[in-house]
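Analysis of the macromolecular model
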Amino acid sequence: MCLGGAYNMLIYTINRILQIIPVIFILSVLVFGFVHALPGDVIDTMAGVEAGEDPEVRAALEEEFGLNKPIYVQYFIWIGKAMQGDFGNSLVTRRPVNTELIERIPATMYLALVGITLSVLIAVPLGTLAAVRRNSPTDYAAQVTSLAGISIPEFWFAILCILLFSLHLAWLPSSGYVEFFDDPGKSIWYLILPALAVGFRQAAFTTRLTRSSMLDEISKEYVDTARSLGLPERKVIYKYTLRNALIPTITISGLQLANLLGGTVVLESIFAWPGIGQAIFQSIQLRDFPVIQAGVLVLGVMVVVINLLVDLLYRVLNPRVGMG
Amino acid sequence: MSEKKISNTFGKQSRREFLASTTAGVAAAASAAAMASMPGTALAAPKRGGTLRFATRVDGRGLDPHRNIIYYVSNPLAATTQGLLDLNTKMEIVPGIGSEWTISDDLMTYTFKIREGVEFHNGRTVDAEAVKWNYERIMDPKTSHAFTRSSLKEVDTITVLDKYTLRIRLKGPSAVFLANVVYYPCNLIAPDSADQADTHPIGCGPFKFVSWKRYAKTEMVRFENYFETDSLGNQLPYLDAIEGYPKKEDKVRLTALRTGEVDLIENMAYSDVGAFKKNNSDKYNTWDIPQVGCAYLAVQSKIGPFAMDHPNGKLMRQALAHAIDREAIHQAVFNGLSESVAGFYSTSSPWHMPGIKNVKEYDPEKSKFILRKLNAMGTPIAVVARDTYEYMHNSGELVHSMLLDAGFKATNGKFDNPVLRQKYKKSDYGIDSTANSYRFEPDGWYSRNVLSTAPSTKLRTGYKNERADKLIIEARATRDFQKRLELYTEVESEVNEDCALIYTHAVPLTSAGTKNLKGYQPAFAGPFNIAGGGIRTAYFDK
């Protein structure tokens, strides 16, 4: 990339970052608004049946958690503290929300990143191979596999994996989570099945996308030109065609990653994986507002950042992509 | 003031006498029997060591045992806690840290002798001052959960008589105070550790807290100075450590047991119990644990056609009761593992009342007859259930269908707790398919869910029956077990006649563990941290 290109890239990046600010602000308002619009009274949940109707208890809890202030005041207090990294305390555990989330986000990121990496590692070679060897047994096999991946519900595939690898073969644990830095080997051992369950379905989508994208590219004139110039087929496919064909794949993988970071509640339940999806789901059931707000906001920011990175990656992969 | 003293040297007594443990003499008897029945006495040589990996259905909500309800069931953290008194495998009150106690004849003064030499996990002595500090903290709305606090609502004054003697004066006579402080439970934490109660609680139970990652793992290690010993004088517990793994889904827990990832699970799905026992009895032990309470239908009787003050309300509620086919629920929801009940306590419970009257048998024609007679065919009624317990909403679905068959215009829905709570408040439901358990002392049920002035009654059913109220209050101040049983039998007959609560099934729960886990016996109703049983006497033989 020349100096001018680098400058353009910098300006583009700054612009994109500036665009993120209003997005996050709107997101914060929506999150706060939706959470407070949830049916059910948080004070009831906190006070329990015995004291839920006791005005003194209710007043004390409202005072303690600032719930007696007007909603817009609560919002500004919350967002003001959030900007300093303080999301308050959980209404349920009374521990700092940061602690609650910090315990969960790594588990979710770990699973999502490995799952999506697994998906890309399966899907890109398989999709490319299927396109290059169109209508061959390889292509048919890839298509059938990806169709199966799309058709089989994720939770069912997960259960099948547990039945095979945990119960019958006894190779892998059926559920649980070990932090990577506590015991890397054991951590990976516990990760394999959930990552496979996550990765298989994502890979199915991505394989089909990569295949069709590759077929599009292969049929373009520049490929014929490259071939007529005598370039080796491997170079034509892997250096020029695949690079262009990967743009939609990256887009989808980015969205898939963002989606996975939002948590896969069902898979987390099946594998007893202590991820953010379950945390937010359980916080919603308990109306633990600070945890829900912080969790959704943090996830929202992560999604926005991933989209930014994907956009920047387009530019790296194909400099002809516009800077608009 | 005359008092009855309870010592630890009572002779053998009957179970019924035992269960009058809210009265002075029998509490001590319970102690002696509990010690005698310790599994340790029957075990050849319990081995020390090992880590028990225990998968539970739920996890704690927080660590501070005063702010959070840490049930004896389903919560690994219960292994770290201990109250003034203890429970044995039969859920009888036995001495624990309070080694003996006296109760005044007027049932208003309870004097406890604290066992000497008991320590908190940080080495501080558990003495009368520590117990007083804990109880005062529990009584403070700023530092306790309302549910736990309610167990001490009768307390007027707490006086430290000497280092190991505590006197509690109540506002009114109560025969159930001991049960309240055990059950709810009023767990003790070290007074000098209040500031870390939410992050690293210092209790005095058989295991010390190490770490808690919510919904992932709880780690606890053996408390080396725990006071309880087995009958041979060996210090309990035998295990070195416990790891708690909350796994919400029943099948996930079961699979974890079968794949060797955990050693013990609780709450098996009803649909799995039969096949699991049949196919795996050589590898696993199972414990069918009868529950204290039961599943029931709570009828919203505050407003509308089923209301207590509606001229036809009682007949309409009886029409509902006649429409319920308990046998169908027994087969379809509980896989034939439940027991139809006439009252809150099943035949497994010492508080079972065989003389309960007025049970409304399944008779849909009678339901239709009543509805036709009242010109109430097509009366709308919403069946609701909590979404977290499958059997509750499965029962709800069946009840919905039964009510449709009987001629009601029934609807059905399952909701999370906050929404359900809102529906209770607004009286926006007809029947709640629900359940209640762990109330080993009947006052815990009748005073909280039948008594018309109880917050829960007012919130949900709005049930009002002056005679039932009078009986419940009388029973609370009655020492004699048999007399109390008679009073509660009358209460249940009133409840059955009024049909604001329709008892349906007693529901057992099944736990399972690996064969090499020995000496483990959960208590009646499920608690696992109990005197002379549970995790305190559990050990691995390999």
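Structure shown above.
Please read these numbers as outputs of a predicted model, since none were measured by experiment.

Moving on: the overall build of chain A. Secondary structure assignment for chain A yields 13 helices and zero strands. Secondary structure elements of chain A occur, N-terminal to C-terminal, as α-α-α-α-α-α-α-α-α-α-α-α-α. In terms of overall dimensions, chain A has a C-alpha envelope of 85 × 60 × 35 Å along the principal axes. Burial analysis of chain A (324 residues in total) assigns 48% to the buried set. Put simply, of all contacts in chain A between residues at least 6 apart along the chain, 73% involve residues at least 24 apart.

Moving on, we get to the interface of chain B and chain A. Residue-level contacts link 37 residues of chain B with 42 residues of chain A. For the pair chain B and chain A, the two sides together bury roughly 3,300 Å², of which 52% comes from carbon and sulfur. Summed over the shared surface of chain B and chain A, the number is five salt bridges. The interface formed by chain B and chain A includes nine residue pairs in polar contact (both at pLDDT 80 or more). Listed by contribution, the elements that provide at least two residues to the side of chain B that touches chain A are α5 (146-149), β9 (207-213), α7 (250-258), α13 (417-426) and α15 (455-459) of chain B. The greatest single-element share of the side of chain B that touches chain A, amounting to five residues, is contributed by α13 of chain B. Considering only residue class, the side of chain B that touches chain A consists of 12 nonpolar, nine polar and 16 charged.

Right, let's get into the sheet that holds strand β2 (residues 51-56) of chain B. Residue and element names in this part refer to chain B. Read across the sheet, seven strands follow the order β9-β10-β11-β2-β12-β20-β13 without closing on themselves; strand pairing throughout is mixed. Every other strand in the sheet has two partners, leaving β9 and β13 (284-289) as the edge strands with one partner each. Taken strand by strand, helix α8 (residues 270-280) contacts β13 and β20 (509-514), and its axis lies near 140° from that of β13.

For the rest of this paragraph, the subject is the packing of aromatic side chains. All names here are of chain B. For the coordinates displayed, the defined rule picks out 34 aromatic pairs over all chains. The interplanar angle of 35° and the centroid separation of 5.3 Å between the aromatic rings of Phe276 and Tyr284 together place this pair among those described as tilted. Note on Tyr284: relative accessible area 10%, which makes it buried. Through a chain of ring-to-ring contacts, the aromatic side chains of Tyr296, Phe344, Tyr345, Trp351, Trp445, Tyr446, Phe481, Tyr488 and Tyr503 assemble into a single cluster. Its end group placed over the ring of Tyr389, Arg57 keeps NZ or CZ at 4.4 Å from the ring centre. Against the face of Phe415 rests Lys423, its NZ or CZ located 4.7 Å from the ring centre.

A separate point is a nonpolar patch on the surface. Residue and element names in this part refer to chain A. A contiguous nonpolar surface patch, about 520 Å² in accessible area, is contributed by Phe155, Trp156, Ile159, Leu160, Leu163 and Val266. Ranked by residue count, the leading element in the nonpolar patch is helix α7 (residues 154-168), at five residues. Relative to the helices and strands, Phe155 is located in helix α7. Here Phe155 falls in the partly exposed class, since its relative accessible area comes to 41%.

All names here are of chain B. Relative to the helices and strands, Thr514 is located in strand β20. Residue classification places Thr514 among the buried positions, given a relative accessible area of 13%. For Thr514, the side chain forms a polar contact with the side chain of Asn516, separated by 2.8 Å. If we skip the residues at most four places from it in the chain, Thr514 touches Leu257, Val262, Asp263, Lys283, Tyr284 and Asn285.

Another aspect to go through is the sheet that holds strand β16 (residues 380-386) of chain B. Residue and element names in this part refer to chain B. Reading across from one edge, β15-β19-β14-β18-β16-β17 is the order of the six strands in this open sheet, with mixed pairing throughout. The sheet is open, and its two borders are formed by β15 (339-340) and β17 (409-415), each paired with just one other strand. Inspection of the sheet shows strand β14 (residues 294-299) paired to strand β18 (residues 431-436) by six bridges, in the antiparallel sense. Its bridge partner lying in β18, Val299 is registered against Ile431.

All names here are of chain B. Here the structure, examined in full by the defined rule, presents 39 salt bridges over all chains. Its salt-bridge partner being Asp64, residue Arg137 comes within 2.8 Å of it at the nearest N-O pair. Of this pair, Arg137 sits in helix α4 (residues 128-139) while Asp64 is found in the loop between β2 and β3 (85-87), placing the two residues 73 residues apart along the sequence. The residues Arg137 and Asp64 share a single accessibility class, namely buried. Between Asp250 and Arg253 there is a salt bridge, and its shortest N-O distance comes to 2.4 Å. Of the two residues, Asp250 and Arg253 both sit in helix α7, three residues apart, roughly one turn of that helix. You can call Asp250 partly exposed: its relative accessible area is 22%. Exposure remark for Arg253: the relative accessible area of 0% places this residue in the buried category.

This part covers the packing of helix α9 (residues 221-228) of chain A against helix α10 (residues 233-261) of chain A. All names here are of chain A. At a minimum axis separation of 10 Å, α9 and α10 run at an interaxial angle of 160°. Judged by the angle between their axes, α9 and α10 are roughly antiparallel. Read as a crossing pair, α9 and α10 show a hand that is right-handed. Taken together, the residues of α10 that come into contact with α9 (itself represented by Tyr222, Val223, Ala226 and Arg227) are Glu233, Val236, Ile237, Tyr240, Thr241 and Asn244. Tallied by class, the residues present in the contact of α9 with α10 amount to six nonpolar, two polar and two charged.

What follows is about the pairing of β2 of chain B. Residues and elements named next belong to chain B. Direction of pairing for β2 relative to strand β11 (residues 241-246): parallel, over a ladder of six bridges. From the neighbouring strand, Thr51 faces β11, where its bridge partner is Ala241. Taken together, the two bridges between β2 and strand β12 (residues 264-265) define a ladder with parallel strand orientation. Paired with Phe54 across the strands is Leu264, a residue of β12.

Relative to the assigned elements, Trp101 of chain B resides in strand β5 (residues 98-104). Residues Trp101 of chain B and Gly396 of chain B, spaced 295 residues apart in sequence, show a C-alpha to C-alpha distance of 45 Å.

Right, let's talk about the packing of helix α5 (residues 97-132) of chain A against helix α12 (residues 276-286) of chain A for a bit. All names here are of chain A. Contact geometry of α5 with α12 gives a least axis separation of 8 Å together with a crossing angle of 135°. In terms of axis orientation, α5 runs oblique to α12. Where α5 approaches α12, its residues Leu101, Arg104, Ile105 and Thr108 are matched on the opposing element by Ile276, Gly277, Gln278, Ala279 and Gln282.

A word on helix α8 (residues 184-218) of chain A. In this model, α8 of chain A (35 residues) spans only 42 Å end to end at C-alpha, well below the 51 Å of a helix rising 1.5 Å per residue. Where α8 of chain A bends most, the angle comes to about 40°, and this point is Ile192 of chain A, followed within four residues by the proline Pro194 of chain A.

Analysis parameters
- Residues numbered from 1 in each chain as written.
- Chains lettered and ligands numbered in written order.
- Predicted model: local features only at pLDDT ≥ 70, side-chain atom pairs only at ≥ 80, totals over all residues.
- Heavy atoms only, no water.
- Helix = DSSP H or I, 4+ residues; strand = E, 2+ residues; numbered from the N terminus.
- Buried < 20%, exposed > 50% of the residue type's maximum accessible area, 1.4 Å probe, protein only.
- Contact = heavy atoms within 4.5 Å.
- Buried area = accessible area lost by both parts, 1.4 Å probe.
- Salt bridge = Lys/Arg side-chain N within 4 Å of Asp/Glu carboxyl O.
- Polar contact = N/O pair within 3.5 Å; in protein donor to acceptor, adjacent residues only side chain to side chain.
- Nonpolar A, V, L, I, M, F, W, Y, C, P; charged D, E, K, R; others polar.
- Pairing = 2+ DSSP bridges.
- Axes fitted to C-alpha atoms, helices over the stretch in contact; angles between N-to-C directions.
- Phe/Tyr/Trp six-rings, centres within 6.5 Å; stacked < 30°, edge-to-face > 60°.
- Lys NZ or Arg CZ within 6 Å of the ring centre and 35° of its normal.
- Patch = residues over 30% accessible without salt bridge, like charges linked within 9 Å, V, L, I, M, F, W, Y side chains within 5 Å.
- Areas by Shrake-Rupley, 256 points an atom, 1.4 Å probe, with all protein chains shown as cover.
- Parallel < 35°, antiparallel > 145°, perpendicular 65-115°, else oblique.
- Left-handed = near helix turned anticlockwise from the far one by under 90°.
- Expected span 1.5 Å × (residues − 1).
- Bend = angle between axes of the 7 residues up to and from the residue.

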